[in-house]
Amino acid sequence: MRIVVEAANSGAARLVQDRLTAAGIEAAASMSNGARDAVIRIFGNDQGDVLTGAPPLARLLVATDAMSPPSAIGFDGAIAIDAPPTLLRRQIDFWTRLGVATEERARRAATAEAFGLKLPSEAPDRALKALYIGAPNATFLALERAIQDQGGHVAGAFSSFSGLDHLHDEGFDAVVLNGADSKQLALSVCSALRRNTALFEMPTLVVVARGDTATAREAIDRGACAVLEAYAASDTTVAWLLEAVRNERRRRSTERALHGLRDIMSELHSGLWRSTEFHAHLARLAIDHQANGRPLALAALRVLPAHGARRPNEAVWKRGFAEVASIAARLCRPADSATAFPDDVIILALPASSFAAARRVADRITAVASCTAFVAGDQSAAPLVLEQSIVELHPGESGQAALGRLLRGIDLEHLTGAA
């Protein structure tokens, strides 16, 4: 991704660039009289989208964690530039992924409307709800006041066991962990959240003892989005936590919309796109990516019995292939599209993704699906292999032409027009 820092002067730009460099992120500088102290624009690749004048994936205000998040009217959000490098990198990655998902949401809606499909309705947001785990302290009161001002409430749990039970049984928007009284409890719960796919993105604030920089650093490394020293002024830190909550709510809403739009254009039994809608959407993807200069990758996965294994009868094979197709649908990223072609081929379209990114997704699906064994009528098993083909859209190339190149990689170019 290409990061451009807009600033009113070179000093402000250099400061932001240095912070990003420490986080392993390269950024170019651009002087702008209209910028505030600094603004970051995130694009989809090294230069194509800049040269085409495409809008950025995200436009972010730069702030510090010593100040409350600034008003982001006209911007997608704000980031704390003096956050620890690990956290700063996560912030940039978050906005990049959200930008890709937001663009894909609009494209899917356009494809669905072109087929006369009724767009799924959006569920209203529920009241804000946070969970505090650990012994009560002043942070609990500050959090409770801030959440109540937003029309929500805070639940409390004194132990990690009851806290995790709450998290699994109820829906929360944020977690605050009292690590000042029990740092091991806070760190273990922080790690447990990251091991749970449903709670992985949960905004988490960890309270640490005064001067305990080691625990603060470890909490960030384990996925916390904010750290607060016990008895320190908490309003600003809680404001950044609420900013993270708003952003996470937006991400979840966008992904729910992506899944809903996919579902109305998919086969019920597999979760993969119907072929007709997929071809139309692929054409839209290619046109958009040619216009914005961002990479678009396609991957093909051909399901075959392992070398030397006997293919089961057709009915068993179809049931087994449907299982692999379902695995692929679940393992795709929310913004990716997938369909099944004849002759047992699964096609993936990955927006704003390079050849290498598509390879990683294909390898992940292959690793899981290859563990599947089809059981024939005589109870023998046929282990699977998945043959792969990956291509990246060429400048000026149509989606159909890229699909032809993809299928030639596995000697199935005759399927290019499959519907």
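Residues numbered from 1 in each chain as written. Predicted model: local features only at pLDDT ≥ 70, side-chain atom pairs only at ≥ 80, totals over all residues. Heavy atoms only, no water.

*Asks:* Lay out the pattern of salt bridges with the relevant residues and their values.
*Replies:* Side chains that differ in sign of charge can pair as their charged atoms come close. Using the criterion set out here, one finds 26 salt bridges in the structure. In this structure, the salt-bridge partner of Arg14 is Asp18, at a minimum N-O distance of 3.8 Å. A residue pair is termed a helical-turn pair when its members lie 3 or 4 positions apart in one helix, as Arg14 and Asp18 do in helix H1 (residues 10-22) at four residues. Look at Arg14 and you get partly exposed, because its relative accessible area is 48%. In this structure, the salt-bridge partner of Arg222 is Glu218, at a minimum N-O distance of 2.4 Å. Its relative accessible area of 24% is what places Arg222 among the partly exposed residues. Overall, Glu218 belongs to the partly exposed group, its relative accessible area being 30%. Salt bridges linked by common partners bring Asp125, Arg126, Asp173, Glu248, Arg249, Arg251, Arg252 and Glu255 together as one network. (Salt bridge = Lys/Arg side-chain N within 4 Å of Asp/Glu carboxyl O. Helix = DSSP H or I, 4+ residues; strand = E, 2+ residues; numbered from the N terminus. Buried < 20%, exposed > 50% of the residue type's maximum accessible area, 1.4 Å probe, protein only.)

*Asks:* Break down the pairing of strand E13 (residues 345-351) for me, with residues and values.
*Replies:* For E13, a buried count of seven out of seven residues is recorded, marking the element as mostly surrounded by other parts of the structure. Here E13 shows no split at all, with Val345, Ile347, Ala349 and Pro351 on one side and Ile346, Leu348 and Leu350 on the other all buried. Two strands pair when backbone bridges link them, and strand E11 (residues 296-305) and E13 are joined in this way by seven bridges, in the antiparallel orientation. Each bridged residue has a counterpart across the sheet, and for Leu298 the counterpart in E13 is Ala349. Note: strand E12 (residues 337-341) against E13, five bridges, orientation antiparallel. (Pairing = 2+ DSSP bridges.)

*Asks:* Summarise unusual backbone geometry; cite the residues concerned and give the values.
*Replies:* Note: most peptide bonds trans; most residues except glycine with negative phi. Positive phi outside glycine occurs at Tyr231, with the angle close to 70 degrees. Relative to the helices and strands, Tyr231 resides in the loop between strand E10 (226-229) and helix H8 (235-264). For Ala352, which is not a glycine, the phi torsion comes out positive at approximately 50 degrees. Relative to the helices and strands, Ala352 resides in the loop between E13 and helix H11 (355-369).

*Asks:* Outline the packing of aromatic side chains, supporting the account with residue identities and numerical values.
*Replies:* Given two aromatic rings, one states the distance between the centres and the angle between the planes to describe the pair. Tallying each qualifying case throughout the model produces two aromatic pairs. Taking the centre distance of 5.2 Å and the plane angle of 85 degrees together, the rings of Phe94 and Trp95 count as edge-to-face. You can call Trp95 buried: its relative accessible area is 3%. With 5.1 Å between their ring centres and 80 degrees between their planes, Tyr132 and Phe140 make a pair best called edge-to-face. The two residues Tyr132 and Phe140 agree in class, both being buried. (Phe/Tyr/Trp six-rings, centres within 6.5 Å; stacked < 30°, edge-to-face > 60°.)

*Asks:* So what's going on with the packing of helix H6 (residues 183-194) against helix H7 (residues 213-221)? Residues and values would help.
*Replies:* Axis separation between H6 and H7 bottoms out at 9 Å; the angle between their running directions is 15 degrees. In terms of axis orientation, H6 runs roughly parallel to H7. Between H6 and H7 the crossing geometry is left-handed. Contacts from Lys183, Leu187 and Cys190 in H6 reach Thr215, Glu218 and Ala219 in H7. When the residues that make up the contact of H6 with H7 are grouped by side-chain class, the tally is three nonpolar, one polar and two charged. (Axes fitted to C-alpha atoms, helices over the stretch in contact; angles between N-to-C directions. Parallel < 35°, antiparallel > 145°, perpendicular 65-115°, else oblique. Left-handed = near helix turned anticlockwise from the far one by under 90°. Contact = heavy atoms within 4.5 Å. Nonpolar A, V, L, I, M, F, W, Y, C, P; charged D, E, K, R; others polar.)

*Asks:* Explain the nonpolar core to me, using residue names and the numbers behind them.
*Replies:* One broad rule of soluble globular proteins: the nonpolar side chains tend to lie buried together. Leu131, Ile133, Leu167, Leu177 and Val206 are the most contacted members of the largest nonpolar core, which totals 31 residues. Sorting the residues of this core by element identifies strand E4 (58-63), strand E5 (77-80), strand E6 (129-133), strand E7 (153-157), strand E8 (174-178), H6, strand E9 (204-208) and H7 as the ones contributing at least two each. At six residues, H6 tops the list of elements feeding residues into this core. Contact partners of Leu177, with chain neighbours within four places excluded, come to Ile133, Ala186, Val189, Cys190, Thr204, Leu205, Val206 and Val207. Counting 25 residues, the second-largest nonpolar core is a separate cluster that includes Cys332, Leu348, Leu386 and Ile390. (Core = buried A, V, L, I, M, F, W, Y, C linked by side-chain atoms within 4.5 Å.)

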